[in-house]
Amino acid sequence: MAVIAPNTTAETQAMIAQMVRDFGEKHITPHRNKWDDEQYFPIEVMKELGNLGLLGVLVPNEYNGSGFGYHEYVTAIAELAVIDPSIALSMAAHNSLCTGHILQFGNEEQKRRWLPKLATGEWIGAWGLTEANTGSDAGNMRTTAVQDGDYWVINGAKNFITHGKSGNIAVVIVRTGEVGDSRGMTAFVIEKGTAGFSAGRKEDKLGMRLSETTELIFQDCRVHKDNILGKVGDGFVQALKVLDGGRISIAALSLGIAMGAYQHALQYSKERQQFNQPISNFQAISFKLAEMATDIEAAKLLTYQAADMKNRGLNVNKESAMAKYYASEISVKVANEAVQIFGGYGYTKDFPVEKYYRDAKLCTIGEGTSEIQKLVISRAILK
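(A) The pairing of strand β4 (residues 169-175), seen in detail. Judged by how many residues are buried, β4 sits mostly within the fold: seven of seven residues are covered. Side-chain alternation along β4 places I169, V171, I173 and R175 on one buried face and A170, V172 and V174 on a second face that is also buried. Where strand β1 (residues 125-128) lies against β4, four bridges are found, and the strand directions are parallel. Bridge pairing links W127 to V171 in β4. Relative to strand β5 (residues 185-191), β4 runs antiparallel, the two sharing seven bridges. Across the sheet, R175 pairs through a bridge with M185, a residue of β5.

(B) Looking closely at the packing of aromatic side chains. Following the criterion strictly, the structure yields nine aromatic pairs and no others. An angle of 70° between the planes, with centres 5.7 Å apart, marks the rings of Y268 and F351 as edge-to-face. One end of the pair, Y268, is in helix α7 (residues 235-271); the other, F351, is in the loop between α9 (317-342) and α10 (353-360), and 83 residues separate them in sequence. A relative accessible area of 10% means that Y268 is categorised as buried. Residue F351 is classed as partly exposed on the basis of its relative accessible area of 27%. Between the aromatic rings of F275 and F282, the centroid separation amounts to 6.3 Å while the plane-to-plane angle is 85°, which identifies the pairing as edge-to-face. You can call F275 exposed: its relative accessible area is 71%. In this structure F282 comes out as partly exposed when scored by relative accessible area, which is 29%. Here a set of aromatic residues connected by ring pairs shows up, and it is made of Y268, F342, Y345 and F351.

(C) Region of interest: the packing of helix α5 (residues 85-105) against α7. At a minimum axis distance of 9 Å, the contact between α5 and α7 shows a crossing angle of 160°. Considering the angle they form, α5 stands roughly antiparallel to α7. Along this stretch, α5 crosses α7, giving a crossing that reads as right-handed. Mapping the contact onto sequence places P85, A88, L89, A92, S96, L97, H101, Q104 and F105 in α5 and Q238, A239, K241, V242, L243, G246, S249, I250, L253 and I257 in α7. When grouped by side-chain class, the residues that make up the contact of α5 with α7 number 12 nonpolar, six polar and one charged.

(D) Up close: the pattern of salt bridges. This structure, assessed with the given rule, holds 25 salt bridges. One salt bridge connects K225 with D150, and the closest N-O pair in it is separated by 3.3 Å. Residue K225 is found in the loop between β7 (213-224) and β8 (228-229), and its partner D150 is found in the loop between β2 (144-148) and β3 (151-162); the two are separated by 75 residues along the sequence. In this structure, D295 engages K333 in a salt bridge whose closest nitrogen and oxygen atoms are separated by 2.9 Å. Here D295, found in helix α8 (residues 283-311), pairs with K333, found in helix α9; they are 38 residues apart in sequence, far enough to count as distant. The buried category is assigned to D295, whose relative accessible area is 10%. One network of salt bridges, in which partners are shared, links D36, D37, K349, E354 and R358.

(E) Spotlight on the nonpolar core. Counting residues in each nonpolar core, the largest one holds 65 residues, and the members touching the most others are L49, M91 and L253. Secondary-structure elements contributing two or more residues to this core are α1 (10-27), α3 (43-51), α4 (70-83), α5, α7, α8, α9 and α10. Sorting elements by how many residues they give to this core places α7 first, with 13 residues. Not counting the four nearest positions on each side in its chain, M91 is found in contact with M46, L54, L55, V57, Y73, A76, I77 and L80. With 27 residues, the next largest nonpolar core counts A93, A138, F236 and L243 among its residues.

Rules used throughout
- Residues numbered from 1 in each chain as written.
- Predicted model: local features only at pLDDT ≥ 70, side-chain atom pairs only at ≥ 80, totals over all residues.
- Heavy atoms only, no water.
- Buried < 20%, exposed > 50% of the residue type's maximum accessible area, 1.4 Å probe, protein only.
- Helix = DSSP H or I, 4+ residues; strand = E, 2+ residues; numbered from the N terminus.
- Pairing = 2+ DSSP bridges.
- Phe/Tyr/Trp six-rings, centres within 6.5 Å; stacked < 30°, edge-to-face > 60°.
- Axes fitted to C-alpha atoms, helices over the stretch in contact; angles between N-to-C directions.
- Parallel < 35°, antiparallel > 145°, perpendicular 65-115°, else oblique.
- Left-handed = near helix turned anticlockwise from the far one by under 90°.
- Contact = heavy atoms within 4.5 Å.
- Nonpolar A, V, L, I, M, F, W, Y, C, P; charged D, E, K, R; others polar.
- Salt bridge = Lys/Arg side-chain N within 4 Å of Asp/Glu carboxyl O.
- Core = buried A, V, L, I, M, F, W, Y, C linked by side-chain atoms within 4.5 Å.

Written out as structure tokens, the structure is:
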């Protein structure tokens, strides 16, 4: 069952979906369990995704990108998440956060300097907002930048950064003004190898173990003013707009996880025999499958609604939060039910549903918790 948006360019999406499935079957599935056990980030797979145009899905052709829209982007992430959610997470973070921030707020020189390398997978991108003691309270961040002539000197640390170690470039939002001032933060682009810029501890995670997560550390890191995206003080406002697109990415990721868990549970229910018949014949199982399928369709409609609005340049603050909130909760629910359908076998690594179960939980946390999404939604509807 392909993840195709209703009433859109189904032919292009079907082509992308098949390309992702063929690639995943050859390059990911045979190694998935070993990589998960070892918490290995397969950067070689990311490079191949770049060769396929999947690391610059939304980047225009003039910057060596694929030049597609959000429908194709959602399809690619969801189909990749069916194969392995953690690699899909890395693809989403690269596209929507680092690359997306430069695409949306970089000047022409900056776009031509960095986007071609990111879009082709020559460089892997990271994006840094979160800090250990702030989380969603970004206004109280402690990482600072102080101007020194044509340079800014950055000190502090970011945590939970996707590709923090292996990334070649990072967009980082740091404080350049007073604590709590929404206009007191600025976005800097920092290339790997810059003096004073390094990766810290790598997180040992419950799920999404193929996607690298580390700290970023800044010790008197000098960054030229030409590496500022937009104006000084615009960083937090930019980050909020970037996260609107990021929520669509996580919704698509959640949708793919739910699809993968459902597909395996459906197939297993037809093959597993109890009392001389497939367990899918039993109402307890068939009703679970019916509810899972319905929830997935609802999540798909919300996700593609947000994607369609994003394509048309509309404000997607509420819709992206709704899609992310609902799809992420459904991914956890569907993965849980898939494990239940497998019974004891679902609790073992012999079948992939235990991995969907572990990976799904991140979707209710990444790009803001479900509670944060409800806050965004409630503010929009009560305005």
